[in-house]
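Residues per chain, in single letters:
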Amino acid sequence: MGSKKRSAWQKQKAEFAASLGGMDDLFASENARSQRHEEEREAAHRRKSCERKNRYASRYEAELTAAECAEHGAPPLHVYHCPYCNGWHLTSKGE
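Quick caveat: nothing in here was measured; it's all calculated off a predicted structure.

Calculation rules
Residues numbered from 1 in each chain as written. Predicted model: local features only at pLDDT ≥ 70, side-chain atom pairs only at ≥ 80, totals over all residues. Heavy atoms only, no water. Helix = DSSP H or I, 4+ residues; strand = E, 2+ residues; numbered from the N terminus. Rg over C-alpha atoms; globule rule 2.2 N^0.38 Å. Buried < 20%, exposed > 50% of the residue type's maximum accessible area, 1.4 Å probe, protein only. Contact = heavy atoms within 4.5 Å. Areas by Shrake-Rupley, 256 points an atom, 1.4 Å probe, with all protein chains shown as cover. Lys, Arg positive; Asp, Glu negative; His and termini not counted. Charge placed at Lys NZ, Arg CZ, Asp CG, Glu CD. Core = buried A, V, L, I, M, F, W, Y, C linked by side-chain atoms within 4.5 Å. Polar contact = N/O pair within 3.5 Å; in protein donor to acceptor, adjacent residues only side chain to side chain. Salt bridge = Lys/Arg side-chain N within 4 Å of Asp/Glu carboxyl O.

Draft legend 1. Local environment of the overall build of the chain. From N to C terminus, the chain includes 3 helices and 2 strands. Element order for the chain, N to C, with α for helix and β for strand: α-α-α-β-β. The C-alpha radius of gyration of the chain comes to 28 Å, more than 25% above the 12 Å expected for a compact globule of 95 residues. Across its three principal directions, the C-alpha atoms of the chain cover 85 × 25 × 20 Å. Relative to its full complement of 95 residues, the chain shows a buried share of 14%. Considering only intrachain contacts with a sequence separation of at least 6, the fraction spanning at least 24 residues in the chain is 50%. Counting only carbon and sulfur atoms, one obtains 53% of the accessible surface of the chain, whose full area is about 8000 Å². For the chain, the distance from the average position of its 16 positive side-chain charges to the average position of its 14 negative side-chain charges is 14 Å.

Draft legend 2. Spatial organisation of the nonpolar core. Counting 6 residues, the largest nonpolar core is built from Tyr56, Ala62, Ala66, Val79, Trp88 and Leu90. The set of elements that each furnish at least two residues to this core consists of α3 (59-71) and β2 (88-91). Excluding residues that lie within four positions of it along the chain, Tyr56 makes contacts with Glu61, Ala62, Thr65, Gly87, Trp88, His89 and Leu90.

Draft legend 3. Just the environment of Lys53, in detail. Structurally, Lys53 is set in the loop between α2 (23-51) and α3. At 3.3 Å, the side chain of Lys53 forms a polar contact with the side chain of Tyr80.

Draft legend 4. View of unusual backbone geometry. In this model, Asn86 sits at a positive phi of 65°, which is unusual for a non-glycine residue. Summarising the element assignment, Asn86 is placed in the loop between β1 (78-81) and β2. Residue class for Asn86 comes out exposed when judged on its relative accessible area of 55%.

Draft legend 5. Representation of the pattern of salt bridges. According to the stated counting rule, one finds 4 salt bridges in the structure shown. Between Glu30 and Arg33 there is a salt bridge; the shortest N-O distance is 2.7 Å. Taken together, the positions of Glu30 and Arg33, both in helix α2 and 3 residues apart, correspond to about one turn of that helix. By relative accessible area, Glu30 is classed as partly exposed at 38%.

Okay, here's the thing in structure tokens:
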């Protein structure tokens, strides 16, 4: 059991606070973690919506491909403009 002296208690409290680091350290590490999380999320979204899909140079090419797929029995495909590559992609999601 620890000492009941006030000076010993204050020393233990100061050591504990020092081991935690300052609040600035806590906020800085949380901001860094949050930034890393946001960058990972954005990279995953880019892979999903752009990098793993075929890119078409024009809306016409993408719509032509969607029509060809429909002729072969594929589910309806929609065309969208990609903000990442500035090209056009197909998706099965509704508009």
